[in-house]
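# Tertiary structure, described
Spelled out, the chains give:
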Protein chains: 4
Amino acid sequence: MNPHIQPVQIYYEDTDHSGVVYHANYLRYFERAREHLLGVPELVRLWKEDGIGFVVYQANMKFREGAVFGDSLEIRTVVRRASAYRLVFQQDVWRPGGSKVMVEGEVHLCCVDRQQQLIALPAGVLAMLAHRFPEDGSPPAPR
Amino acid sequence: MNPHIQPVQIYYEDTDHSGVVYHANYLRYFERAREHLLGVPELVRLWKEDGIGFVVYQANMKFREGAVFGDSLEIRTVVRRASAYRLVFQQDVWRPGGSKVMVEGEVHLCCVDRQQQLIALPAGVLAMLAHRFPEDGSPPAPR
Amino acid sequence: MNPHIQPVQIYYEDTDHSGVVYHANYLRYFERAREHLLGVPELVRLWKEDGIGFVVYQANMKFREGAVFGDSLEIRTVVRRASAYRLVFQQDVWRPGGSKVMVEGEVHLCCVDRQQQLIALPAGVLAMLAHRFPEDGSPPAPR
Amino acid sequence: MNPHIQPVQIYYEDTDHSGVVYHANYLRYFERAREHLLGVPELVRLWKEDGIGFVVYQANMKFREGAVFGDSLEIRTVVRRASAYRLVFQQDVWRPGGSKVMVEGEVHLCCVDRQQQLIALPAGVLAMLAHRFPEDGSPPAPR
């Protein structure tokens, strides 16, 4: 599958006094990537009009190499529908052109309504993802 | 006036790769101090029952000395009512027992309703502050 | 084993616009708990004198209930030595007196030297942990 | 003067439970803009080769309108040399095509050496800025 690519620039705010990026920040980068993959305007519309929000249910990370100030990274994301209620995002951090993954992540997302109750994944989101990440691994048809 | 004292511990998350606390974080410490000064349960009650929130209208800071990992700091806060709509908090960062201020801050707060419209400061908050920081500078009567 | 208890107060800075604590922040709370468990002055000493730092190698989290503004939480931590190079911290988020865990976490820590190369866990840290979390599950001897 | 324009996207991580961007985060956006204006590779080089870092000495902000999740903002920055030791950045937050400034900021920067001692601004940085923001207000010559 063709991953979604999200560029991330590392600023002072991202690092800690050990000289590398503070580990929790990778979850922020993963979230930025997911928002662009799902589409920010659609997320805003779902939230405002339909009262639907995405919540992280599970997150697993392995840290193999620390990024440093000034790095230009990319988050490579693929996603699959694990059930009617859950999306699983595989999200990895790379330097563009790098030979090894720096951080490996897996993030499980569910949807909740305005009362924070679990609901099924919206059909529109599933249709978009089925188009973007076809199950047979072939790239999506050109638009 | 007897300042309100808020202890703050400096963790990895607070520092950046230059070795000192990232400058924006002092605004977070100031906010923590204001919440404890105003009273967290009362802030929760104002928000939920009365639909009243506090917003920062203005913030000014001077950075004189950088704090480092492992520091135990204190935020010293005094507050005055600048108008029916505005509180001004003088908030300074010190090492306990230190001889010089590390960061000087001044933060102006207003209140807004659920539509983010400006409203007058709540009477209960003003009464509490008048008791805690009496205008003649004498300490509040013992409880 | 008697867990280490770290109190955490939830401020504005901790929440996001969905109304609950932003998921990545739990990693920050876990880190604060680990620093107090390991001892902040000892961590500072290891870093400055011995050039030894702790890095997160792996982190897994399950999010079961979102915390909200004004919550007073506690992080309950137990730790075991998984190898000569790795500590595994089980870190869970509870409301004090609550009946259900809110967030479950598992964080793996290694040590690195000044060149960010993996080194064995320091003997002093292992001795402290063996005393604090005895392997037979009995509480540490009173001091 | 032609301001430097830095785009900023507002994600979940940027907001707080009141529904708008957490006030301290604007300082992070200002810093991102300054790093791109000064040039990230040059900042990395100054830090690694010359041991020169930039520190914030003073920051003043006025908050006029809160940004929300999904907003695409821009940071408009102009800078002047206030002395041999100090740069003053005027940094304002706008929605592209908006009619009113949302946040007004002024940030004073100094340079320090590896011992965190104040040093004069590097000649190369001053030359770059003099070219980018000519004092007579005319735009820089095309490259």
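Refer to the structure above for everything that follows.
Below, the structure is looked at part by part.

Analysis parameters
- Residues numbered from 1 in each chain as written.
- Chains lettered and ligands numbered in written order.
- Predicted model: local features only at pLDDT ≥ 70, side-chain atom pairs only at ≥ 80, totals over all residues.
- Helix = DSSP H or I, 4+ residues; strand = E, 2+ residues; numbered from the N terminus.
- Rg over C-alpha atoms; globule rule 2.2 N^0.38 Å.
- Buried ≥ 20, exposed ≤ 12 C-beta atoms within 10 Å, placed from the backbone.
- Least-squares fit on C-alpha atoms with pLDDT ≥ 70 in both.
- Contact = placed C-beta atoms within 7 Å.
- Nonpolar A, V, L, I, M, F, W, Y, C, P; charged D, E, K, R; others polar.
- Pairing = 2+ DSSP bridges.
- Axes fitted to C-alpha atoms, helices over the stretch in contact; angles between N-to-C directions.
- Parallel < 35°, antiparallel > 145°, perpendicular 65-115°, else oblique.
- Core = buried A, V, L, I, M, F, W, Y, C linked by C-beta atoms within 7 Å.

### Focus: the overall build of chain A
The helix and strand inventory of chain A stands at three helices and six strands. Scanning chain A from its N terminus toward the C terminus, one meets helices and strands in the order β-α-α-β-β-β-β-β-α. At 16 Å, chain A has a C-alpha radius of gyration in line with the 15 Å of a compact globule built from 143 residues. Oriented by its inertia axes, the alpha-carbon framework of chain A measures out at about 45 × 35 × 25 Å. Expressed as a percentage of the 143 residues in chain A, the buried residues total 42%.

### Examining the relation of the copies chain B and chain D
Turning one copy of the chain about an axis and sliding it along that axis gives the other copy, so a rotation and a shift relate them. Superposing chain B onto chain D requires a rotation of 180 degrees together with a translation of 0.0 Å along the rotation axis, leaving an RMSD of 0.0 Å. The symmetry that links the two subunits is that of a two-fold axis. Closest approach to the rotation axis within chain B is made by the C-alpha atom of Asn-60 of chain B, at a distance of 2.1 Å. Looking at the interface residues of chain B, 100% of them are also at the interface in chain D, so both copies use one shared face.

### Points about the interface of chain B and chain D
Chain B puts 16 residues into the contact, and the matching count from chain D is 16 residues. Listing elements by their share of the side of chain B that touches chain D, those giving two or more residues are helix H1 (25–38) and strand S2 (53–63) of chain B. Broken down by element, the side of chain B that touches chain D gets its largest block of residues, nine residues, from S2 of chain B. Residues that form the side of chain B that touches chain D fall into these classes: seven nonpolar, seven polar and two charged. The pairing of S2 of chain B with strand S2 (residues 53–63) of chain D spans five bridges and is antiparallel. Note on S2 of chain D: the bridge partner recorded for Met-61 of chain B is Ala-59 of chain D.

### Regarding the relation of the copies chain A and chain C
When chain A is fitted to chain C, the residual RMSD is 0.0 Å, and the transformation amounts to a turn of 180 degrees plus an axial shift of 0.0 Å. A share of 100% of the interface residues of chain A reappears at the interface of chain C, consistent with the copies meeting face to face through the same patch.

### Looking at the packing of helix H1 (residues 25–38) of chain A against helix H2 (residues 40–50) of chain A
Between two packed helices, the angle of one axis relative to the other and the distance separating the axes together describe the packing. Residue and element names in this part refer to chain A. Packing of H1 against H2 leaves a shortest axis separation of 6 Å and a crossing angle of 85 degrees. Here H2 runs roughly perpendicular to H1, going by the angle between their axes. Counting all contacts with H1, which are made through Glu-35, His-36 and Leu-38, the residues of H2 involved are Val-40, Glu-42 and Leu-43. Grouping the amino acids of the contact of H1 with H2 by side-chain chemistry returns three nonpolar, one polar and two charged.

### Here's the deal with the interface of chain A and chain C
Contacts between the two partners involve 16 residues from chain A, matched on the other side by 16 residues from chain C. Those elements that provide at least two residues to the side of chain A that touches chain C are H1 and strand S2 (53–63) of chain A. Broken down by element, the residue count for the side of chain A that touches chain C peaks at nine residues, all from S2 of chain A. Taken together, the residues of the side of chain A that touches chain C break down into seven nonpolar, seven polar and two charged.

### With respect to the pairing of strand S5 (residues 103–112) of chain C
Residues and elements named next belong to chain C. Sheet topology places strand S2 (residues 53–63) next to S5; 10 bridges connect them, and they run antiparallel. Counted as the bridge partner of Val-55 is Cys-110 from S5. Relative to strand S6 (residues 118–119), S5 runs antiparallel, the two sharing two bridges. Paired with Cys-111 across the strands is Ile-119, a residue of S6. Turn length for the S5-S6 hairpin, with the two strands adjacent in sequence and antiparallel, is five residues, and the turn residue Gln-116 shows positive phi of about 65 degrees.

### Some points on the nonpolar core
In terms of nonpolar packing, the biggest core is built from 152 residues, with Leu-109 of chain A, Leu-109 of chain B, Leu-109 of chain C together with Leu-109 of chain D touching the most fellow members. Leu-109 of chain C has contacts with Phe-54, Val-55, Val-56, Tyr-57, Leu-87 and Phe-89 of chain C, leaving out every residue within four places of it along the chain.

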